[in-house]
Amino acid sequence: MTETALRICPFCEATCGLTLTIDAGRVVGARGDRDDVFSAGFICPKGASFAELDNDPDRLQAPLVRRDGVLTEATWEEAFAAAADGLGAVIREHGGAAVGAYLGNPNAHTVAGALYPPLIIRGLGTRQVFSASTLDQMPKHVSLGLMFGSPVAFTVPDLDRTDYLVIIGANPLVSNGSVTTAPDFGGKMRDIRKRGGRIVVIDPARTRTAELADRHLAPRPGTDAALLFAVVHVLFDENLVALGDLAEHVAGLDEVRAAARGFTPAAVADYCGVDAAEIETLARELAAAPSAAVYGRIGTSTVEFGTLGSWLVDVVNILTGNLDRPGGAMFPCSPTAPAPRGHRPGKGFRTGRWHSRVSGRPEVLSELPTPVLAEEIETPGDGQIRAMITVAGNPVLSAPDGDRLDKALSGRFMDFILCVDPYLNETTRHADVILPPPPPSRSPHFDFALNGLAIRNNARYSPPVLPLDGRPSEAEIMSRLALVVFGMSQDADPALVDEQVIATTLAKETADPSSPVAGRAVDELTAMLPAGPGYERRLDMMLRLGAYGDAFGARPDGLTLQRLKDAPHGVDLGPLQPRLLEVLRTPSGQVELAPPALIEDAARLREAVARPAEGFVLIGRRHLRSNNSWMHNLPALAGGTNQCTLRMHPDDAADLGVTDTAVVKGAGGELVVPVEITDGIRRGVLSLPHGWGHDRPGTGQQLAAGQPGVNVNQLNDGSLLDPLSGTAVLNGVPVTVGPAS
Ligand SMILES: Nc1nc2c(c(=O)[nH]1)N[C@H]1C(S)=C(S)[C@@H](COP(=O)(O)OP(=O)(O)OC[C@H]3O[C@@H](n4cnc5c(=O)[nH]c(N)nc54)[C@H](O)[C@@H]3O)O[C@H]1N2
Ligand SMILES: Nc1nc2c(c(=O)[nH]1)N[C@H]1C(S)=C(S)[C@@H](COP(=O)(O)OP(=O)(O)OC[C@H]3O[C@@H](n4cnc5c(=O)[nH]c(N)nc54)[C@H](O)[C@@H]3O)O[C@H]1N2
Ligand code: SF4
Ligand SMILES: [Mo]
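As recorded by an unreviewed UniProt entry, the protein chain carries the name Molybdopterin-binding oxidoreductase and is attributed to Mycolicibacterium obuense.

Shown next, in the form of structure tokens:
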């Protein structure tokens, strides 16, 4: 007898609702949930492969502990004891500050990843914190922090209502959207055009997304900031700036006008490789559209001028009056964001409160750039990293110069490595202890991070579909690690960790006169939380304190966890609403259009524009049936078009005599790679996907090892960073290329 169960897909940012088929205690199928309030039945090949991923025989079923040099299966009690011994010894000898942490991408997709890493890092008191953010969206955090006073004040394009969409450096038809949570992004693009709207895609490659657009501009990689500055220039020059209702809330207009002065379309045309007339048309159309939204992603972020480009996306949205209005770029309101407390100035946003030990890179959001992780491990001295905790990450493949990190992790430097990960991969193979979380079917789901990026406000919760069968949940694994770093006995109840958070949060809220629970008794509120796992109690608390919450009974119609459980297809919270004044937290209480750090960095861009462009540059590429480094092991997704090939323009190939295999050389190394010749990429540009290179011994993904591909990040030595955010330059990397002999 088969049954069905609902579960939000955790494999990308689109957060589609799935209907799983369960047979004999395992998931055997998945289809889109047509009644899901947000995704309405949409599904992609990864979601459809849920069963394969959930049941992958290479997933670790039990923890591994290194014994006599060999990773060996152990019981959970043995593994937790080994974790406590190993971490405890390093903390006693060198202090918690000598423990480094690396947090990978799936932390944005798990309940445990949202709730526990901050506690563990605080408990360690370490500044050696690294994550996938400095390989990804950190430039956006910095630009948002400087402009709005909050590094998480993300805007998203209001896809359901916009008349004019500009997509710059994103390929949502393949990635399914990022930092904009929108199931069926492609369908929404088609709808824009059906209702008479227009779409422009700016990308050096003619992607599937570009093929859906009215117009495709193909700039040279790394030049978006200059292109957007030229758009700003035209807006000022032709008197097209129209802030509308924003006018009274925006400071720094004159400084931006002055900064844009040198960036005329003619001055940037050669550097960007885009005709001046195309840039002028773009600016005029943006200004003329009834509503418009510019949406930038990886191609504007992991580049030499990532923070400048991320900033200019919002500058253009503001100058055309499209920030915070329907059809423009709007601020979503997550159900777990604290209830709004009105317009009040904040402390603002600062980076560089401390610096990395070896090369002096500034801290950003309490993190250091992942490209400096290896040197922080290798370089002796005070503060050297002696132990690592990695959670849901694979930096050996995802970060620049993986070979160096690989050696650093395997060598004499490390006393102890602990990984929380379901797979033995290129990074976790160095662990002393691996604690594997249960598969998604046995884990809860709630989108703490991604709800704040949704193009329509909504709240959905999936409890675990299948029982844990004696394994600890990922929440319990992380709670137990928190107990270790807090120096508590291993016999202590892991639930204490959640109860401590609940007690502290409620004490703060009840003491805050602007809180919806001001003045109430902590005990009374605690007693209202449901019995059950600590993560559910914390989620219920956050929902009740949140923007739509029941304020612990004060607003009886408001959200509680029970209400979400009663609505398994989710609760729709309506289209995005203007809320700029709620999110603004700059000291001035204004939008800072011209933060000094960005105006200063524009000088670096001016120099680049003046410098003649030569040689090949490399960009990245994603495949629909792939996900960073960890989905190359599923038969349903492997093979076909999902290949680790070098894409190259036919004229470039002919000039160089490249036919089927090429050698690519970069500052970090060289690769021999099969070539795919296509006119879907600009001349002078090469593309390679990341997350490949599964040929290292001691990993445990057999299918992936059979089709290993090469690690693109080996071309990169890690020295190229966007200086304001510490983000690795992964697009627009200078390389040379020639035929393989
Ligand atoms: N050249 C180049 N490099 C890039 C990029 C690029 O575009 N070009 N993109 C960058 C980007 S945007 C990102 S986000 C990074 C990603 O970089 P990482 O986050 O370091 O790498 P992933 O490959 O996403 O690895 C995710 C790991 O999480 C594990 N995992 C999966 N599910 C769970 C779970 O439920 N719990 C736990 N604990 N673990 C889980 C997987 O087994 C896998 O080992 O790569 C970056 N690297
Ligand atoms: N199927 C699949 N989906 C994924 C992932 C995956 O690996 N596979 N990874 C997930 C993750 S971690 C993330 S962060 C998101 C990323 O989501 P997206 O940003 O939408 O994904 P990318 O495919 O990296 O798109 C970046 C685009 O920028 C272009 N580009 C490169 N350099 C430049 C440049 O200098 N300027 C401009 N204008 N464009 C440039 C590239 O050609 C590419 O088309 O995808 C997520 N979804
Ligand atoms: S688009 Fe993303 S969330 Fe939706 S089914 Fe595919 S992988 Fe899952
Ligand atoms: Mo990412």
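From this point on, the discussion continues.
Can you walk me through the overall build of the protein chain in this structure?
Assigned secondary structure in the protein chain consists of 27 helices and 28 strands. The C-alpha atoms of the protein chain give a radius of gyration of 25 Å, which matches the 27 Å a tight globule of 741 residues would have. Counting only residues that meet the buried cut, the protein chain has 61% of its 741 residues in that class. Taking contacts inside the protein chain between residues at least 6 apart in sequence as the whole, the part at least 24 apart equals 73%. If the 66 positive side-chain charges of the protein chain are averaged to one point and the 87 negative ones to another, these points end up 2 Å apart.

It is not clear to me how the packing of helix 3 (residues 76-94) against helix 19 (residues 474-485) should be interpreted in this structure. Could you clarify?
With their axes 9 Å apart at the nearest point, helix 3 and helix 19 run at an angle of 35° to one another. As for how helix 3 packs across helix 19, the hand of that crossing is right-handed. In contact with Trp 76, Glu 77, Phe 80, Ala 83, Ala 84, Leu 87 and Ile 91 of helix 3, helix 19 contributes Ile 477, Arg 480, Leu 481, Val 484 and Val 485. Of the residues contributing to the contact of helix 3 with helix 19, the split by class is ten nonpolar, no polar and two charged.

Help me out: how do you make sense of the side chain of Asp 540 in this one?
For Asp 540, the position within the fold is in helix 22 (residues 534-545). Residue Asp 540 is classed as buried on the basis of its relative accessible area of 2%. One polar contact links the side chain of Asp 540 to the main-chain amide nitrogen of Leu 561, over a distance of 2.8 Å. In this view, Asp 540 contacts Met 528, Leu 529, Pro 530, Thr 560 and Leu 561; residues no more than four positions away in its chain are not counted.

Would you mind going over the site of ligand 1 with me for this structure?
Ligand 1 sits among 29 residues. The nearest are Tyr 102, Asn 105, Asp 421, Glu 474 and Ser 629. Note that an oxygen atom of ligand 1 is positioned 2.6 Å from one of the backbone N or O atoms of Asn 105. Burial of ligand 1 by the protein chains amounts to 95% of its free accessible area of 920 Å². Among the residues making up the shell around ligand 1, the classes are represented as 14 nonpolar, eleven polar and four charged.

I'm lost on the site of ligand 3 in this one. Help?
Looking at ligand 3, the residues that line it are Cys 9, Phe 11, Cys 12, Ala 14, Thr 15, Cys 16, Phe 42, Ile 43, Cys 44, Lys 46, Gly 47 and Asn 176. For the shell around ligand 3, a count of residues per class yields eight nonpolar, three polar and one charged.

Looking at this model, I keep getting lost on the pairing of strand 23 (residues 661-666). Mind explaining?
Looking down a regular strand, the side chains alternate between one sheet face and the other. Pairing of strand 23 with strand 24 (residues 669-677) involves six bridges; the strand directions are antiparallel. Note on strand 24: the bridge partner recorded for Thr 661 is Pro 674. What sits between strand 23 and strand 24 in their antiparallel hairpin is a turn of two residues. Pairing of strand 23 with strand 28 (residues 733-739) involves four bridges; the strand directions are antiparallel. Looking at strand 28, one finds that Ala 662 is bridged to Pro 739.

Is there a simple way to explain the nonpolar core in this structure?
Nonpolar side chains tend to gather and get buried jointly when the protein is soluble and globular. Core analysis: the biggest nonpolar cluster contains 87 residues, and Phe 148, Leu 282, Ile 318 and Leu 605 have the highest contact counts within it. Looking at this core, the element that brings in the most residues is helix 10 (residues 224-237), giving eleven residues. Not counting the four nearest positions on each side in its chain, Phe 148 is found in contact with Ala 153, Asp 314, Ile 318, Leu 323, Phe 331, Leu 580, Val 583, Leu 584, Arg 585, Thr 586 and Val 591. Counting residues in each nonpolar core, the second largest holds 53 residues, with Leu 115, Leu 119, Ala 392 and Phe 448 among its members.

I would appreciate a short explanation of the domain arrangement of the protein chain in the present structure.
A common way to report how large an interface is uses the accessible area buried once the components associate. Each assigned domain of the protein chain is listed with its residue range as follows: domain 1 (150-197 + 224-331 + 579-602) and domain 2 (614-739). On a C-alpha basis, the centroid separation for the pair domain 1 and domain 2 is 29 Å. Interface area, domain 1 with domain 2, both sides summed: about 1100 Å², of which 57% is carbon and sulfur. On the domain 1 side of the interface with domain 2, the three residues burying the most area are Val 174, Thr 302 and Thr 307, jointly 41% of the side's total. Linking domain 1 to domain 2 there are zero salt bridges. Across the domain 1-domain 2 interface, the total number found is four residue pairs in polar contact (both at pLDDT 80 or more). Secondary structure elements with two or more residues in the side of domain 1 that touches domain 2: helix 7 (172-175), helix 14 (298-301), helix 15 (306-319) and helix 25 (596-610). Considering only residue class, the side of domain 1 that touches domain 2 consists of eight nonpolar, seven polar and two charged.

So what exactly am I meant to see when it comes to the sheet that holds strand 11 (residues 215-217) here?
Sheet strands pair via backbone hydrogen bonds, and the direction of the pair is either parallel or antiparallel. Strands sit in the order 11-10-9-13 across an open sheet of four strands; the sheet is parallel. For this open sheet the edge positions go to strand 11 and strand 13 (293-296), each flanked by a neighbour on one side alone. Direction aside, neighbouring strands of the sheet carry axes that sit 15° apart on average. Running over the sheet, helix 13 (residues 276-288) touches strand 9 (164-168), strand 10 (198-202), strand 11 and strand 13 and is turned about 130° from strand 11.

Cut-offs used in this document
Residues numbered from 1 in each chain as written. Chains lettered and ligands numbered in written order. Predicted model: local features only at pLDDT ≥ 70, side-chain atom pairs only at ≥ 80, totals over all residues. Heavy atoms only, no water. Helix = DSSP H or I, 4+ residues; strand = E, 2+ residues; numbered from the N terminus. Rg over C-alpha atoms; globule rule 2.2 N^0.38 Å. Buried < 20%, exposed > 50% of the residue type's maximum accessible area, 1.4 Å probe, protein only. Contact = heavy atoms within 4.5 Å. Lys, Arg positive; Asp, Glu negative; His and termini not counted. Charge placed at Lys NZ, Arg CZ, Asp CG, Glu CD. Axes fitted to C-alpha atoms, helices over the stretch in contact; angles between N-to-C directions. Left-handed = near helix turned anticlockwise from the far one by under 90°. Nonpolar A, V, L, I, M, F, W, Y, C, P; charged D, E, K, R; others polar. Polar contact = N/O pair within 3.5 Å; in protein donor to acceptor, adjacent residues only side chain to side chain. Near = heavy atom within 4 Å. Areas by Shrake-Rupley, 256 points an atom, 1.4 Å probe, with all protein chains shown as cover. Pairing = 2+ DSSP bridges. Core = buried A, V, L, I, M, F, W, Y, C linked by side-chain atoms within 4.5 Å. Domains from an automatic or database assignment. Buried area = accessible area lost by both parts, 1.4 Å probe. Salt bridge = Lys/Arg side-chain N within 4 Å of Asp/Glu carboxyl O.

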